[in-house]
Every structure is written in C-alpha cells, then in structure tokens.
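Next come the chains, spelled out residue by residue.
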Amino acid sequence: MTTKWLLAVITTASHLSCLNPVEISSESREILPSVVGVDHIRPASCFASQTCAGGAPQQSHRRVKIQRVNQRVTPRLYLVEDFASPDEIDHIMRVSEPRLTPSHKGTVTGVRYELPIDGDPILERIRERMMSMFPGLKTRHEPTFRVRKYTNKSFHPPHVDYFESDDGSVLVLTIMLYLHSPDHGGETAFPRANGGKGYAFAPTSGNVAAWWSIYGQGDVRGKPGAMDPRTLHEGRPVQKGIKWNATLFVYADPKQAAAVEAASHVHVPV
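Conventions adopted
- Residues numbered from 1 in each chain as written.
- Predicted model: local features only at pLDDT ≥ 70, side-chain atom pairs only at ≥ 80, totals over all residues.
- Heavy atoms only, no water.
- Helix = DSSP H or I, 4+ residues; strand = E, 2+ residues; numbered from the N terminus.
- Buried < 20%, exposed > 50% of the residue type's maximum accessible area, 1.4 Å probe, protein only.
- Contact = heavy atoms within 4.5 Å.
- Core = buried A, V, L, I, M, F, W, Y, C linked by side-chain atoms within 4.5 Å.
- Pairing = 2+ DSSP bridges.
- Axes fitted to C-alpha atoms, helices over the stretch in contact; angles between N-to-C directions.
- Polar contact = N/O pair within 3.5 Å; in protein donor to acceptor, adjacent residues only side chain to side chain.
- 1 Å grid on protein atoms, 1.4 Å probe; cavity = no way out; pocket = protein on both sides within 12 Å on 5 of 7 lines; lining within 4 Å.
- Points joined across faces, edges and corners; volume = space filled by probe spheres on them.
- Left-handed = near helix turned anticlockwise from the far one by under 90°.

Participant: Please explain the overall build of the chain as it appears in this structure.
Facilitator: Each helix and strand in the chain was counted, giving three helices and 20 strands. Across the 270 residues in the chain, those meeting the buried criterion constitute 51%. By sequence separation, contacts in the chain at least 24 residues apart represent 78% of the contacts at least 6 residues apart.

Here you go:
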C-alpha cells in the first residue's frame, strides 16, 4: 500500500516550523523500516526549531557533543550521551509495552512495535532532536520509531541498514536510542569498523548511537552514496537483564546524503 504525504513548510523571522503530514502509516518490514510513497521532502533544518510541531512546551536544554567514535577510519559512527531524559524514555516504553509482538514465530530478535510519532509531542520532540544532529539532510517524513525489547539470550543477526524504497529514496542513516540497559551483553557491534578491528556501542540507557549506511563524500573506499558494507552490525545477545531501544530509520537521496556532515553538538533536555 502507498501513502501519499502532503507537507507544508512555513518560514518566519523567528523560527522554522514544519507542519505535520496529513496521514500516518504504520507499515513495517523486518529489520528494515516501512516503505511509503513520498510527494515532498524537507531539510533536516526543519527539525532544528525549538518549537515542537505538536505544540509541546519548550524545555530547558544543554549542549552535548556529538562524538565521532572513529575520526579517521570509516564508517561514520556517532555517539551522543544523555540524549533523552528519563521521562522521555519512560514514555516510549509505557506506550509501547502493551503493543509489543514477536516479529515472527520463533524469533530471536525480541519483540517490537512500530510506534507512531505524529500527534505525540514527546515523540515529535525526540525525532526533531535526532534530525538536528545532521543539518542539511533532505529527508522525507519518517512516521515511526521501531521499538524493540530484548530479553535473555535474544539478539539481532548481522545486517546492513540499506534499502531502496519504491519512491527511489534509500535508507541512508540509522539513529538508535537506548531505552533500558541490560545487566550484561546487548552491545551494537560493527565488526568491520576501525579497519577491521571493530567497534561496539554499549547499550546505555539515554544514549544515542547513529551511523550512515553509505559511503561519504571523499571516502576513497567506495562511491559516495553507495552502500558501505563496513556498516555491517549486529545486536549481541543479551546475557542478563532486559534491553530496550527505539530506532529512527532515515530515508533520503543517497547522493545528497553523502555530502552531509554531522553537527558538532545537539541540544538535549536538562
């Protein structure tokens, strides 16, 4: 099924505000996000406004560094500590918990829910903050967070977050918010990163991990915008405790996205 979006962008002297799309789609695929038709795209700068699209009140913020965890060795991986507040995290888990279902019978990838964002000021604010990490990225309106809960021994098998949708846009960027930390295990591991030495994000509650699934501009290892196989990653088995995360899958024109650089800082709630 195809869902057409209508999007209006209003620019004023004081702020940039992006109106909500008319319809909401909850279609999804295993591992990769849903595919919907898109009539318009908008720059990530639309998400930089301190005014939330849903009319949510402004919060007090502080600047937090966006850390490139492998400065000189690709792929491009980023970490932001204390990205979300405890209240925001609790809200996502509370709304998602009763709706979690297995991806398929006998799944080892935990349970999940495609959480609609539009109309929920808290979720809209988190999406806005995520997109402000990558200013200049022209992206379509991503309607959901994929929320997953992993219990003992569950894991996510190795894969690359790269997928071309029917409208020609490509999954180029993944932004994952860790909601609940397991006692042991559950890291998001990139075995081909750092020249084959590997890198793993610890699933620390409140932190965000982000990565491009495409080669960037100036990368001598591949054509800009093409799939970067070095972004192969897996969710390691949870050895003890419970792990939650919420992921935003970002589709865009890969050639345009290849030239986008991350911001140096992001404003997070106090």
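Participant: Honestly, the nonpolar core in this entry has me stumped. Any pointers?
Facilitator: Note that soluble globular proteins tend to have their nonpolar side chains buried in a common cluster. Counting 43 residues, the largest nonpolar core has Phe83, Phe145 and Trp212 as its most contacted members. The dominant element in this core, judged by the number of residues it contributes, is strand β12 (residues 170–180), at six residues. Apart from the residues lying within four places of it in its own chain, the contact partners of Trp212 are Arg76, Tyr78, Phe134, Leu137, Val172, Leu173, Thr231, Ala257 and Val260. Counting nine residues, the second-largest nonpolar core is a separate cluster that includes Leu79, Phe190, Phe201 and Trp211.

Participant: Just to check I follow, could you spell out the sheet that holds strand β17 (residues 233–235) for this structure?
Facilitator: What links the strands of a sheet is backbone hydrogen bonding, and the strands pair in either a parallel or an antiparallel sense. As summarised here, the arrangement of the four strands in space is β11-β17-β14-β15, forming an open sheet in which the pairing is antiparallel. Here the strands that pair on one side only, and so sit at the sheet edges, are β11 (156–159) and β15 (199–201). Neighbour-to-neighbour, the strand axes of the sheet open up by a mean angle of 15°, direction not taken into account. Here strand β14 (residues 188–190) pairs with β15 via three bridges, running antiparallel. Across the sheet, the residue bridging to Ala189 is Ala200, located in β15.

Participant: Quick question: what am I supposed to make of helix α2 (residues 121–131) here?
Facilitator: For an α-helix, 3.6 residues make a turn, and residues three or four places apart therefore share a direction. Within α2, nine of the eleven residues are buried, which leaves the element mostly enclosed by the surrounding structure. For α2, the side-chain oxygen to backbone nitrogen distance between the N-cap and Ile122 is 3.0 Å, and the N-cap itself is Asp120.

Participant: Honestly, empty space enclosed by the protein in this entry has me stumped. Any pointers?
Facilitator: Throughout the structure, instances matching the rule amount to three cavities of 30 Å³ or more. The volume enclosed by the largest cavity comes to roughly 190 Å³. As for the largest cavity, its lining consists of 18 residues, of which Tyr150, His156, His159, Met176 and Thr247 are closest to the centre. Every element with two or more residues in the lining of the largest cavity is listed here: β10 (144–150), β11, β12, β17 and β19 (243–252).

Participant: Any chance you could explain the pairing of β19 here in plain terms?
Facilitator: On a regular strand, one side chain projects to one face of the sheet and the next to the other, so that they alternate. Within β19, ten of the ten residues are buried, which leaves the element mostly enclosed by the surrounding structure. By the alternation rule, side chains of β19 split into Lys243, Asn245, Thr247, Phe249 and Tyr251 and Trp244, Ala246, Leu248, Val250 and Ala252, which are all buried. The pairing of β10 with β19 spans five bridges and is classified as antiparallel. From the neighbouring strand, Arg146 faces β19, where its bridge partner is Thr247.

Participant: Which parts of the structure should I look at to understand the packing of helix α1 (residues 86–96) against α2?
Facilitator: Between two packed helices, the angle of one axis relative to the other and the distance separating the axes together describe the packing. Contact geometry of α1 with α2 gives a least axis separation of 10 Å together with a crossing angle of 115°. Crossing handedness for the pair α1 and α2: left-handed. Listed contacts from α2 to Glu88, His91 and Ile92 of α1 are Ile122, Leu123, Arg125, Ile126 and Arg129.

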